[in-house]
Amino acid sequence: MEPIKGKQYVAMFRLLSEKETADAKRPALLTENTVNISVSADATQTKDGVIRTTSEPEIELEITSVLAEDDAIINKIKNATLNGETIEAWSINLDKKGTGENSGKYAATYYQGKGTELEFSAPADGNVEVSFTLGVNGKGVDGFATVSQELLDEALYVFADTLKTGE
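Residues numbered from 1 in each chain as written. Predicted model: local features only at pLDDT ≥ 70, side-chain atom pairs only at ≥ 80, totals over all residues. Heavy atoms only, no water.

1. Brief notes about the nonpolar core
- The biggest cluster of nonpolar side chains holds 18 residues, and the ones touching the most others in it are F13, I63, I87, F132 and L134.
- Looking at this core, the elements that each hand over two or more residues are β1 (9–15), β5 (58–66), α1 (72–83), β6 (86–97) and β8 (129–136).
- Once residues within four sequence positions are removed from consideration, F132 is found in contact with F13, L61, E62, I63, I77, T81, I87, G115, E117 and L118.
- In terms of nonpolar packing, the next biggest core, distinct from the first, is built from 12 residues, A24, W90, L94 and V147 among them. (Core = buried A, V, L, I, M, F, W, Y, C linked by side-chain atoms within 4.5 Å. Buried < 20%, exposed > 50% of the residue type's maximum accessible area, 1.4 Å probe, protein only. Helix = DSSP H or I, 4+ residues; strand = E, 2+ residues; numbered from the N terminus. Contact = heavy atoms within 4.5 Å.)

Laid out in structure tokens, this is it:
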């Protein structure tokens, strides 16, 4: 059994209103992405012991990134959070390639939700960091997502030759 490297899990976002016109993007310089699933449980004491009744799960997708200048997806996330717009998100495992009809895609969970928290932190001795929380509607759906070669090159750090790439 091999551990999954954190770098192999990426998060991508898109405004639902741009579904027809724009591809999902990954925030630049992403340092962490987290999926939190929480369920409330009420305990009832019976003569046979405690039984638990659980609520529906609440899911939050959180990211942290070093803020890059002109990071377009962060700006879109900020505006969507301020305006209550629905955001699409994918949590993608680049270690798990699809097969058959999903060949060329990667295992992912798709979410829709609203931005519930956005924080910009600017310490005197470091880089500006942005943290974002997406409050998910429902439970998300597992499937396979297309990932651009550009993102794969960034995430997987592919070999580059010594010759110039432009003509």
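Now that the structure has been shown, the text picks up again.
2. What to know about unusual backbone geometry
- The backbone of L29 sits at a positive phi, close to 55 degrees, despite the residue not being glycine.
- Positive phi values are uncommon outside glycine, yet D70 reaches one of about 60 degrees.
- Structurally, D70 can be placed in the loop between β5 and α1.

3. Regarding a nonpolar patch on the surface
- A cluster of nonpolar side chains, namely V35, I37 and V39, defines an oily patch on the protein surface of about 250 Å² accessible area.
- With respect to the element layout, V35 can be found in strand β2 (residues 30–38). (Patch = residues over 30% accessible without salt bridge, like charges linked within 9 Å, V, L, I, M, F, W, Y side chains within 5 Å. Areas by Shrake-Rupley, 256 points an atom, 1.4 Å probe, with all protein chains shown as cover. Salt bridge = Lys/Arg side-chain N within 4 Å of Asp/Glu carboxyl O.)

4. What about the side chain of S91?
- Locating S91 in the fold gives a position in strand β6.
- Taking the relative accessible area as the measure of exposure, S91 reaches 9% and is therefore buried.

5. Notes on a negative patch on the surface
- Residues E58, E60, E117, E119 and E129 make up a contiguous surface patch of negative charge.
- Looking at the negative patch, the elements that each hand over two or more residues are β5 and β7 (105–121).
- One can find E60 in strand β5. (Lys, Arg positive; Asp, Glu negative; His and termini not counted. Charge placed at Lys NZ, Arg CZ, Asp CG, Glu CD.)

6. Remarks on the pattern of salt bridges
- Throughout the structure, instances matching the rule amount to 3 salt bridges.
- With its nearest N and O atoms 2.7 Å apart, the salt bridge here joins E88 to R14. Within this pair, whereas E88 is found in strand β6, its partner R14 is found in strand β1, the two being separated by 74 residues in sequence.
- E88 sits in the buried class, given a relative accessible area of 1%.
- Given a relative accessible area of 13%, R14 falls into the buried group.
- A salt bridge links K139 to E56; its shortest N-O distance comes to 3.6 Å. In this pair, K139 sits in the loop between β8 and β9 (141–146) while E56 sits in the loop between β4 (49–54) and β5, placing the two residues 83 residues apart along the sequence.

Everything listed here is a matter of coordinates, which is why it stays silent on function.
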